Amino acid sequence: MSSTNNYILGVYDDEDEVLHAVSEVKSKGIKIEEVYTPFPIHGLDTALGHARTRLPIAAFMFGCLGLVCAQALINYTMVFDWPMIIGGKDFFALPDWIPITFEGTVLFTAFGLVTTFCISNDLYPGKKPEILDIRITDDRFVMAINVDKNKKSAADIKKALKDSGAVEVNVK
Amino acid sequence: MSHVVSPIREKLVTGGKSYHDVTHDICKQVEGEPTKEWKWAFGISCIIFAYGAYCLFYTWWQGIGVWGLNKTVGWAWDITNFVWWVGIGHAGTLISAVLLLFRQKWRTSINRSAEAMTIFAVLCAASFILAHMGRPWLAHWALPLPNAFGSLWVNFNSPLVWDVFAISTYLSVSLLFWYMGLVPDLATIRDRATTKASKFWYGFFSLGWTGSAKTWARYEYMSLILAGISTPLVLSVHTIVSMDFATSVIPGWHTTIFPPYFVAGAIFSGFAMVQTLLLITRVVFKLEDYITIEHIEMMNIVITITGSIVGIAYLTEFFIAWYSGVEYESYAFINRATGPYWWAYWMMMTCNVISPQLFWAKSIRTNLMVSFFLSIVVNVGMWFERFVIIVTSLHRDYIPSSWAMFSPTMYDIGDYIFSFGLFFTLFFLFAKFLPVVNMAEVKSVMKGVSTNYPAKKAKASTKTDE
């Protein structure tokens, strides 16, 4: 986030206070851009009005893909390409293939899920982070408000943040 | 978020730590110069690793004829060590995945190091898989790759191929789970870094993490799903390892009880190894406020429960051997307990079944020295369990003229030493360069479970700077 001085940051030092502050600030008609925290706070995303993530759907799809790929590979090699009689069993020996099908499903789900997670959050190795306050990853909870996207004046926003229990109000 | 915590719950973090104290205490060992203790420990493990690497190299160069195997006992220390390490490698995922699903908050201080241990243990196990192939440069033949034999594929009906898939999936998914858990903490180190190198490397691997509410919400879902798929995965891995034996027709191996019995044994030995390492780590890195007696006690309770399951499995196995009426099966078991390897059998019984029962006494399970000693006893016992299953089932064949004993050579022992060298070298590197406790998770459970929370702070210090 560039240094255009259009962000007002409310810095909190307690997770419950920031959670309450979100609804308090919102009730005054101020639009909150995002809240940054050192650890997950349950209920914060719903308080901010973020939509529920669709990651579980993606995970399920990748799982299905893994299952299909594993079955396709085994069927192709064991039934079509080079069938062999092993212990007098059918070429299509489905019960024997359950372990590898399962492993394939898990493998695709895990890697597909994590890749989707990284893409959806724009995370990748070597990315330069947009740090609003260096203490976010330590012990501070920061509420970021974009002045340009709000009708209220900067002074009103600062007052609202202070009233909601912010220990510091900064401009970035 | 502050959870409602019953007042009878023990505090998970003691010493009245604030969030900043957590960051400071955990980052300290990453940021500071290596301590003298660390240098000594790392140096010794490097020497062990080097000696082991020589033995392993010699084994690869000469072939597995340098081991003490004979035509009757074709699997001995190699597979014993493999199963032992894979078993140890189960605790990390169990702690981070199963205990996450059960919302056990005490996992937060120990899951990071337990998962690291898992990954290193699986690598040790993999070294035996490669070594026992005899021609490790042909290890890729176990994978379904197109080849010059007209594509003669691998046999997907074989438990040994299932094992290849299970172990490699387990290793890669555990690594992924562990790494994603590390990302927020790497960002913490990045933001505190003072040197250019650490700014770059921790910055590189922290993926540009900022800790926004949206990212955290998705992150929580991702962790939950990874835990959900890792739980059956971890159970499947040792199930499949047990099928390497159970689907054979060797008396003593051909038993349906093997999958649950192996899984219980894996959790048992894995927790014991976590216990051993944690008891050392908490002292060396002064983490007594994070890894408390409460944690040690919880671990000991899990060891007692899984040890009892293993004990029941031993007895059931014996009963079924008699009840089945198969004389070969009965003989295999009587030979285990009273044959030439009776000492290994009773070593296993004492270490695995009797010793964990001592933890029923609270004074014993909260005693650090006794816990440390018993955790090693359990791992010795679990090594003997695999030795008993593998060697005593093989050494008396169907034909008495081919009966044989197994005695290890220096290369059997040397390859085992290699795995210890590898394990401890990696563990000490991890302990120096990465945070050994998951800071973000510990912070998230502190309110309500730490001693100075929930203490309301004064709102007075409000200040503005423009």
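Note that the structure is predicted; figures quoted are calculated from it, not measured. (Residues numbered from 1 in each chain as written. Chains lettered and ligands numbered in written order. Predicted model: local features only at pLDDT ≥ 70, side-chain atom pairs only at ≥ 80, totals over all residues. Heavy atoms only, no water.)

### Some remarks on the domain arrangement of chain A
Okay, so step 1: According to the domain assignment, chain A contains domain 1 (7-52 + 130-171) and domain 2 (55-120).
Okay, so step 2: Computed from C-alpha atoms alone, the centre-to-centre distance between domain 1 of chain A and domain 2 of chain A is 45 Å. (Domains from an automatic or database assignment.)

### Things to note about the interface of chain B and chain A
Much of the literature gives interface size as the accessible area that the parts lose upon coming together.
Okay, so step 1: Between chain B and chain A, the residue contacts involve 67 residues of the former and 73 residues of the latter.
Okay, so step 2: Interface area for chain B against chain A, summed over the two sides, is near 6,400 Å², with a carbon-plus-sulfur share of 65%.
Okay, so step 3: Here chain B is connected to chain A by zero salt bridges.
Okay, so step 4: Mapped by element, the contributors of at least two residues to the side of chain B that touches chain A are α1 (19-31), α6 (159-192), α7 (196-205), α8 (213-246), α16 (439-444) and β1 (463-465) of chain B.
Okay, so step 5: Considering each element in turn, the side of chain B that touches chain A owes the most residues, 17 residues, to α8(B). (Contact = heavy atoms within 4.5 Å. Buried area = accessible area lost by both parts, 1.4 Å probe. Salt bridge = Lys/Arg side-chain N within 4 Å of Asp/Glu carboxyl O. Helix = DSSP H or I, 4+ residues; strand = E, 2+ residues; numbered from the N terminus.)

### Considerations on the packing of aromatic side chains
All names here are of chain B.
Okay, so step 1: Scanning the model with the defined rule gives 59 aromatic pairs over all chains in all.
Okay, so step 2: Look at W216 and Y219: their rings are 5.2 Å apart centre to centre, the planes differ by 90 degrees, and that puts the pair in the edge-to-face class. One end of the pair, W216, and the other, Y219, are both in helix α8, three residues apart, so they sit about a helical turn from each other.
Okay, so step 3: Judged by relative accessible area, which is 8%, Y219 ranks as buried.
Okay, so step 4: Between F423 and F424, the aromatic rings sit 5.3 Å apart at their centres with planes inclined by 90 degrees, giving edge-to-face as the arrangement.
Okay, so step 5: If you follow R336 out to its NZ or CZ, it ends over the ring of F333, 4.4 Å from the centre.
Okay, so step 6: When the ring centre of F433 is taken as reference, the NZ or CZ atom of K432 above it lies at 5.6 Å. (Phe/Tyr/Trp six-rings, centres within 6.5 Å; stacked < 30°, edge-to-face > 60°. Buried < 20%, exposed > 50% of the residue type's maximum accessible area, 1.4 Å probe, protein only. Lys NZ or Arg CZ within 6 Å of the ring centre and 35° of its normal.)

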